[in-house]
Amino acid sequence: MSKPTRRQASYLSMHARSFIRSLGDLTRQPIGNAMTILVIAIAIVLPALFYFVGMNVKAVADRWHDQPQISLYLTNHTNDEQARQLTEALQKRDLVASVIYISPDQGWEALDQVLHLKTLKEQLGTNPLPGIIRVTPRWPGPTPEALKKLTDQLGDLSHVQDAELDVGWVKRLYYILNIAQRLLIGVGCLFALAVVLIIANTIRLSISKHEREMAILTLLGASKSFIVRPFLYRGFVYGLLGGVLARVALWALSNWLSEPVQQLSATYLSQFSLHELDALASAILIVGSGLLGWVGAKLATSTQIAKHL
Amino acid sequence: MIRFDQVSKRYGKQTALNQVSFTLPEGDMAFLTGHSGAGKTSILRLILCQEKANAGQVFLGNRSITHIKKRQVPLLRRQLGFIAQEANLLEDQTVFQNVALPLIIDRWHSNDLSGRTLAALDKVQLRHKANCKPHELSGGEQQRINIARAIVHKPAILLADEPTGNLDPELAKDILALFDELNRCGMTILIASHALDLIATLPHRILTLSHGQLVGDHA
Ligand SMILES: Nc1ncnc2c1ncn2[C@@H]1O[C@H](COP(=O)(O)OP(=O)(O)O)[C@@H](O)[C@H]1O
Ligand SMILES: [Mg+2]
């Protein structure tokens, strides 16, 4: 068999051609393919929406910046000098962000401003309040467990009568975010699986429609990869277009929500606008769903095409 | 060169070929004939590695293809030309694309590809139908397109299964004349056909099968 010397087209141009062809193929059955892509887009939009909401909740939480605090109630005999030394020592600790000493007198003043207790002090003859050191741990960073341990350690220091961790909501937020994250991963996996299966099934049908064509190509010496390639590209294109559509839907949704969100936020915070998915997240969404399509097609071809070759 | 050495083929309990031996030297042309079910198609399928022999050896050139690895089969087929019994053009592609398929499969550059494809269409005198779809062609034209596709990559060996099967005698003669011409250009050709009356008029070797056995070999 005579051959021109440089007859072979490069792999790259071959793949590019396959990709473009599979885009063109979609226009042959526009309605069926549009439906498939729409279903894929919906399956992708749901977990993406989850992520989007989670991201914004986290942004709101970060804004409120409500720090956990540890209050150290000092013993009655502690004088101001001892308290200042303790404050300085605490300042140097690892997990500690800031420390404030509130002397018994300052405490009384603050209380008095709110409750007008002048007569009470006169009756008591002495200030009953202990000195308090307010420790603000670094946050976010340590787990609630680490904070608890820190509190216990501080409680054991001399001059400290009692240590209290104001942690209720910290713990809650931490666990809520944990749950949300796991939920997101779980739901994301399920929907990813759904995308793979939808595409696998669509490709499976498409393979059975092309059985005659595959038999012909096989007899002409087409390799397995030659026959499989268009189906893989088709799956990839389904996923890719589904991802693009999902991204557009997300964008439309966040635009639609942004006005009421701003109205709401105006009543709480200075201004809060919805965080959009950034370029990287969008790219991951789109390319990732393309890859899911490829996996689905791979699944379909590996089970369906083997019998032809 | 095609060589069968004591080849037997069974489908389950059905014996299709029984210890068949023959050699078709390079550049020769021969007809395989015999009643329906005699084993003609089975011989072609063994050469194409669509089936494996139960006993004996099949050689292409000096190479035994009896135990060829599965992934080597595509490469082997690319060196053969095959015209199947049933119509097997891709309906959604043009005549040109159909004829170009073996070159596309072999990853030819598009510039070389179109020249060779048009040359093959010239050979069967259907260049003017290059942009038609197969269903726009008559049966005889479709069969010529099949031939063009089988020879576009200039294979050393051409196999055909009942290539004149559904054609009227005039067309059948034209097709056989085309094979004759290809053979004169050096192609080794093996044609399965039960149309004895037609074959008998041509000066080529005839291998006769009966119930899976080679019963005649006339030059
Ligand atoms: N795939 C198959 N499964 C079972 N039997 C087959 C198969 N293909 C062919 N045969 C049998 O093998 C014998 C030879 O068939 P074939 O080679 O097709 O003959 P021909 O082409 O001469 O008509 C026949 O008896 C046929 O029924
Ligand atoms: Mg037959």
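Residues numbered from 1 in each chain as written. Chains lettered and ligands numbered in written order. Predicted model: local features only at pLDDT ≥ 70, side-chain atom pairs only at ≥ 80, totals over all residues. Heavy atoms only, no water.

> What am I meant to see in the pattern of salt bridges here?
When charged atoms on two side chains of opposite charge get close, those side chains can pair. Residue and element names in this part refer to chain B. Evaluated as defined, the whole model comprises eight salt bridges over all chains. Among the salt bridges present, the one from Glu51 reaches Arg45, with a minimum N-O distance of 2.9 Å. Accessibility expressed as a relative area gives 26% for Arg45, which makes it partly exposed. Connected via shared salt-bridge partners are Lys9, Arg45 and Glu51. (Salt bridge = Lys/Arg side-chain N within 4 Å of Asp/Glu carboxyl O. Buried < 20%, exposed > 50% of the residue type's maximum accessible area, 1.4 Å probe, protein only.)

> I tried to follow unusual backbone geometry on my own but got confused; where do I start?
Only a minority of non-glycine residues have a phi that is not negative, and only a minority of peptide bonds are not trans. Residue and element names in this part refer to chain B. In the Ramachandran plot, Cys49 falls in the positive-phi region, its phi being about 60 degrees despite a non-glycine side chain. Note on placement: Cys49 falls in the loop between helix H1 (40-47) and strand S4 (55-60). Of note, Lys154 is a non-glycine position whose phi angle comes to about 50 degrees, a positive value. The topology assignment puts Lys154 in the loop between helix H5 (139-151) and strand S7 (157-161). For Lys154, a relative accessible area of 45% corresponds to the partly exposed category. (Helix = DSSP H or I, 4+ residues; strand = E, 2+ residues; numbered from the N terminus.)

> Which parts of the structure should I look at to understand empty space enclosed by the protein?
Empty space among the atoms can be located by rolling a probe the size of a water molecule over them. This model, assessed by the stated rule, comprises three cavities of 30 Å³ or more. The space that makes up the largest cavity amounts to roughly 50 Å³. Around the largest cavity sit A:Leu219, A:Leu220, B:Leu48, B:Arg77, B:Arg78, B:Leu80, B:Gly81, B:Phe82, B:Pro102, B:Ala150 and B:His153, which together line it. Of the residues forming the lining of the largest cavity, the biggest block, three residues, is contributed by strand S6 (residues 80-83) of chain B. The class makeup of the residues in the lining of the largest cavity is seven nonpolar, two polar and two charged. (1 Å grid on protein atoms, 1.4 Å probe; cavity = no way out; pocket = protein on both sides within 12 Å on 5 of 7 lines; lining within 4 Å. Points joined across faces, edges and corners; volume = space filled by probe spheres on them. Nonpolar A, V, L, I, M, F, W, Y, C, P; charged D, E, K, R; others polar.)

> Where do I start with the pairing of strand S10 (residues 213-218) of chain B in this structure?
Remember that side chains alternate between the two faces of the sheet whenever the strand is regular. Residue and element names in this part refer to chain B. As defined by bridge partners, strand S9 (residues 205-210) adjoins S10 across five bridges and the pair is classed as antiparallel. Opposite Ile206, over in S10, you have His218 as the bridge partner. From the end of S9 to the start of S10, which pair antiparallel, there are two residues, and His211 there has a positive phi angle of about 50 degrees. (Pairing = 2+ DSSP bridges.)

> Would you mind showing me how to read the sheet that holds strand S2 (residues 96-102) of chain A here?
Note: strands within a sheet are paired through backbone hydrogen bonds, in either parallel or antiparallel orientation. All names here are of chain A. The strand order across the open sheet built from four strands is S2-S3-S1-S4, with neighbouring strands paired in antiparallel fashion. Strands at the two margins of the open sheet, each flanked by one partner only, are S2 and strand S4 (160-166). Across the sheet, the axes of successive neighbouring strands diverge by a mean angle of 20 degrees, strand direction being ignored. Pairing geometry for strand S1 (residues 69-74) and strand S3 (residues 132-137), over four bridges, is antiparallel. Looking at the pairing, Tyr73 lines up with Ile132 of S3. Here helix H3 (residues 80-91) sits on the sheet and contacts S1, S2, S3 and S4; the angle it forms with S2, its principal contact strand, is near 170 degrees. Here helix H6 (residues 144-155) sits on the sheet and contacts S1, S3 and S4; the angle it forms with S4, its principal contact strand, is near 165 degrees. (Axes fitted to C-alpha atoms, helices over the stretch in contact; angles between N-to-C directions. Contact = heavy atoms within 4.5 Å.)

> It is not clear to me how the environment of A:Asp94 should be interpreted in this structure. Could you clarify?
Assignment of secondary structure puts A:Asp94 in the loop between H3 and S2. A sequence separation of 128 residues divides A:Asp94 from A:Ala222, and the C-alpha atoms of the two residues are 67 Å apart.

> When you look at H3(A) in this model, what are you seeing that I'm missing?
Given 3.6 residues per helical turn, the α-helix brings residues three or four places apart onto the same face. Residue and element names in this part refer to chain A. Compared with an ideal rise of 1.5 Å per residue, which puts 12 residues at 16 Å, H3 spans 16 Å between its outermost C-alpha atoms and is within 8% of the ideal. Restricting attention to buried positions, one finds in H3 the residues Ala83, Leu86, Thr87 and Leu90. Mapping the buried residues of H3 onto a view down its axis gives an arc of 105 degrees, with all of them on the same face. Across H3 from its buried face, at more than 90 degrees, point the exposed residues Glu81, Gln85 and Glu88. Those residues of H3 hidden inside the fold are in contact with S1, S2, S3, H6 and S4. The N-cap of H3, judged by a side-chain oxygen 3.1 Å from the amide nitrogen of Glu81 a few residues on, is Asn79. (Expected span 1.5 Å × (residues − 1). Arc of directions from axis to C-beta. Polar contact = N/O pair within 3.5 Å; in protein donor to acceptor, adjacent residues only side chain to side chain.)

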